[in-house]
Amino acid sequence: MKHRIPRYLSAATAVAALLTVSACGGGSKPAGSGGSDAKQLEVFSWWTSGSEDAALKELIAGFKKDNPGVKVVNGAVAGGGGGNAQAVLQTRLQGSNPPDTWQTHPGAAIGEYINSHLVADLSSVYEQDSLNSAIPRELVTSVSKDGKPYGVSTGAHRGNVLWFNKKLTAQAGVELTASTTPDQLVDAFTELKAKGITPLCLGGKDAFAAAELFENILLGALGPNGWDSLTSGNTDWDDAKVKQAAKLFAKMLPYADPDASALSWDQATKRLASGDCAVESMGDWAYGELVKDGAKDGTDFGYIPQPGTKGTFVTVVDTFVVAENAKHKELALKWASVISSPEVQLAFSKDKGSTPIRGDVPTDSLPAYQQQAAKSFRGDSLVQSIVHGEAMSPQFQQSFYDAVTQFVQSKDADSFVQALATAAKG
Amino acid sequence: MSTARISAPPRRRPVRYPGTGPLAGAVALVLLAALFLVPVYVLMMAALKPPVQADAVHMWELPESIDFSGVEQAWEKLSPNVRNSLLMVLPATIVSSLVGALNGFVLAKLPFRGAKVLFAAMLLGMFIPYQVILVPLVRFLQSVDLYGTLPGLILVHIIYGIPITTLIFRNYFNQLPHEMVEAARVDGCSNAAIFLRVMLPLSLPGFVVCAIFQFTNIWNDFLFGITVVPDPTQQPVTVALNNLAGNFSVQWNTVMAGALLAALPTALVYILLGRFFVRGLTAGSVK
Amino acid sequence: MPVLTRPAAPAPHMTKPPAKTSAGSSRWRKHRFSIAVLTPSLIMIGIFVYGFIGYSVRVSVSKWQGLNPDLSPRDPLYQTYDDMFHTPRFQADLRNVTVFTLLFLTLAVVVGLVLALLVHNALAGRTFFRGVFLFPYALSFIVTGVVWRWIFTPSTGANLILQGLGVDHGPKWITDPAVAGDVSSALEPILPGGHFIQVELGVPLALIPVVIAASWQLGGFVMANYLAALTAMPEELREAASLDGAGTLRYHWHIVLPWLRPVTAVVLILLGHISLKSFDLVYAMVGQGPGFATDVPGIFVFEQTFRALRYNTGAAASVVMFLLVAAVMVPYLYRSVIREKN
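Just so it is clear, the model here is predicted, and its values are computed rather than measured.

Peer 1: What's the story with the overall build of chain A in this structure? I'm lost.
Peer 2: Scanning chain A from terminus to terminus reveals 18 helices and 12 strands. Seen through its principal axes, chain A has C-alpha atoms that stretch 90 × 65 × 45 Å. Counting the 426 residues in chain A, one finds 61% classified as buried. Partitioning the intrachain contacts of chain A with sequence separation of at least 6 by distance along the chain shows that 76% fall at a separation of at least 24. For chain A, the exposed area adds up to about 15,600 Å²; of that, 52% sits on carbon and sulfur atoms. Side-chain charges of chain A comprise 38 positive and 46 negative groups, with the mean position of each set lying 7 Å from the other.

What follows is the structure, given as structure tokens:
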């Protein structure tokens, strides 16, 4: 045996050499842990790319101008339709280690944090900056509990927009205007299809896209008052009007792109821009996508409020909260104040494609679509979105997604409203 | 007494298998390789296209013009995090492989009552769904002051790697004849010496497989990286890669270029370690 | 022909440990190395696996929904499980993960085995081919999922190539909501309470592209495992077989495959663990699919826990996932424990 050992050893040295060579690059430097620098602010969001990232940077730049020398840690997490960010945030909150300030939506979404006493009362910021008079009352209420505001909003996206490819609609001799009714929309689909055009763009790979379409149809059937009554629990989910909306939804689905379930929402929007399908019901973050894809507002694409929802604005609002036990609470409160200032809001909205929340921000420097949206925002009745977690609890939101996914295949309106009714009862 | 068993083998020219002839094998290999490279082609082309052309519609087309903007952007955003990934993956892979080798050796070659039950209990551990242990995990790491640190992340990867590495090595060592242990023991080796001098040198292919598996798993892990380390300057490269894609707009050329960049270190490891898949490495000693 | 059997089992010449003073201390001496090696691992696994599972079980029978941890028990304790098993989505998830695991394990092992044999016996370019087949494994699931989605998008992907080959109506791939070989209606009269099953029990066609993508990604890793085993295969087996004049098929069937059997067991466990927890690839590639045709428990756990804040449901689903694994693994481990005793 002995005479073999050198051979073993040489092989062993080879392993050891391999291991140590790599170990030198590895274990030598201890990782510096962040440390809690007093001059630091951690901002958490799920904005990481393109316009979102640019908009977030505007907020940070605004903050830095007033607070030079403060390091802003931009802890943005993308992916999973915001799901990854949610996972991280929830885990950190459970571990009592929250970021100083994070992004959320008004209504039920912020309510979860308020009810769990995780976010700070921002009354001082509202008073100091007289925000109550600058921001629509509905929006202040939607971030408040017992009269105390807990969130500062930056911009509002509109959820109920119907986008269409103008060349395709002209080709089929279809005219879509603000006064088009839901039934006329179905007729338009029929005519588009007769011309060999795919009528409805749908990004079904993301569960929210079909849910968004149904939400907009449902709003058309109920109107703003019916919507409030339904989402506040005064109307039951198995109401006849909900079923009627489900049937209309089922009528539209056969017109959808056959590739729908392989497409993400932005791919579906891209198809609208390139003329592969004609009409899409999607929030106005689609505007930025269309422009990015080289389509021109007015010549290539047009937009109307989702048929049946004229005069109503589904708000999808970007809001920031401050952690109750933030490590840098002073700075976080300053952050809340800065991002609600008119200049920062305008810069933010320009990049994000949303509407400034404040009524005193001049919008004439914004693109035509945004000016028009801002006008609606300041005149229409505002309602909250279910799909984006504002109008109903996150539990219901998930059940809503699941029920829609199921319904898109089954088209069984009875069991659909039944599932929603059960979910609403919790 | 053991010399007879481990003396050099008689030199005979081995007959090659398969006997179907090398040509059929070569043709099959080339065809399969071409098939395997189809998605890689799509990925690479998309990485080199201008943003408007980098999408599903133009996936089969060659780039209209080679555009390195995606590569540049990806590099700019990913490179700071590559260092973190290396600092994480190297110690985690090495330590978990060594722990696995030790465990595997004990379980395969030093049997004791209850060893198999313990092994089974360890093995079941790798099937735990990670999503659901995030909350207790973060709480635990906070309680031992490792939350938010690279050492904490390394520890997590080592621990959740133990079942897998133990399995790989236990199986590998099981293939080696038990007589080798007996012979070494008769020669007066302690268990530690048997492991270091007899088993470890023979375990190179096992280490290669184990290191490939661990390196890839840890390098590509995203969930732990993002939850255990909240500071973006400390996060591994996969988190940065994931962040190239936002919610509301994605430039696919950047993401695809990023995927290729992030895969380079792993591919390099395969090439370096692949050398050790040499036939007959153990021939002459394994008998 | 006796040489065509597995290598002979070691001769049972157990060397006795030198006699020592007391039985206890000699046992300690004999096993101290093993104890020193295994104890740290066992403690860590005890905390990080079994401790955390215990925590999950506790959460799964609690009322915890929303951000405030509420560990007070539900009444009855199993209510969360009961509700969950009645949702069509979770039923579809269980179906999908079963079908996916079976198809994926089969395809990946077959692909890996073929690749390993071809590469191992290649006369030239071994390094190159090994690299090509392993490369997909180096790529992040998050991105390869997107590439595969593009390929399996009917109007723009692989079907364009099929058209070039003369197939006009290619498959609907990941957009196909159909479930092949549905047996639920056959089960309905047999199973009491047949209404319980609300999904079609069969193979969701949209899942097949996912199986292909996953096998592409992991086939190279399976190959690496087989290559390692082929490398460690004693030359004598080959020589003996060739001396006996065994043909290629005979040689592979009687020598190579039995030699690879233990590796196959390891590979199946490793792939099984990836398959059962599959999340990244499915999420990036198809999401939940048409009518949950490609939804898997991993996505369910993630969405229930972090989007719906139903911590109890998320925990319950993962406990079920874990129990399913245990149901398959424990008998397997038990059997292999007995069988190994040769």
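Peer 1: Please clarify how the interface of chain A and chain C should be interpreted in this entry.
Peer 2: When the parts come together, some accessible area is lost, and that loss is often what is quoted as the size of the interface. Chain A puts 33 residues into the contact, and the matching count from chain C is 36 residues. Residues C:Arg89 and A:Asp402 are paired through a salt bridge, measuring 2.7 Å at the closest nitrogen-oxygen approach. Linking chain A to chain C there are 14 residue pairs in polar contact (both at pLDDT 80 or more). The element best represented in the side of chain A that touches chain C is helix α17 (residues 394-410) of chain A, accounting for 9 residues.

Peer 1: Help me understand the nonpolar core in this model?
Peer 2: The tendency in soluble globular proteins is for nonpolar side chains to be buried as a group. Judged by nonpolar contacts, the single largest core of 261 residues is most densely connected at B:Leu137, B:Tyr160, B:Met256 and C:Phe133. The dominant element in this core, judged by the number of residues it contributes, is helix α8 (residues 207-231) of chain C, at 15 residues. When sequence neighbours within four positions are dropped, the list of residues in contact with B:Met256 reads B:Leu43, B:Ala46, B:Ala47, C:Val143, C:Val146, C:Val147 and C:Trp150. Grouped together as the second largest cluster of nonpolar side chains are 77 residues, A:Phe164, A:Leu200, A:Met282 and A:Val387 included.

Peer 1: Is there a simple way to explain a nonpolar patch on the surface in this structure?
Peer 2: All names here are of chain C. A cluster of nonpolar residues, Leu 103, Leu 107, Ile 208 and Ile 212, forms a patch on the protein surface that exposes about 260 Å² of accessible area. Following the sequence through the fold, Ile 212 ends up in helix α8. A relative accessible area of 31% places Ile 212 in the partly exposed class.

Each value, and the rule that gives it
Residues numbered from 1 in each chain as written. Chains lettered and ligands numbered in written order. Predicted model: local features only at pLDDT ≥ 70, side-chain atom pairs only at ≥ 80, totals over all residues. Heavy atoms only, no water. Helix = DSSP H or I, 4+ residues; strand = E, 2+ residues; numbered from the N terminus. Buried < 20%, exposed > 50% of the residue type's maximum accessible area, 1.4 Å probe, protein only. Contact = heavy atoms within 4.5 Å. Areas by Shrake-Rupley, 256 points an atom, 1.4 Å probe, with all protein chains shown as cover. Lys, Arg positive; Asp, Glu negative; His and termini not counted. Charge placed at Lys NZ, Arg CZ, Asp CG, Glu CD. Salt bridge = Lys/Arg side-chain N within 4 Å of Asp/Glu carboxyl O. Polar contact = N/O pair within 3.5 Å; in protein donor to acceptor, adjacent residues only side chain to side chain. Core = buried A, V, L, I, M, F, W, Y, C linked by side-chain atoms within 4.5 Å. Patch = residues over 30% accessible without salt bridge, like charges linked within 9 Å, V, L, I, M, F, W, Y side chains within 5 Å.

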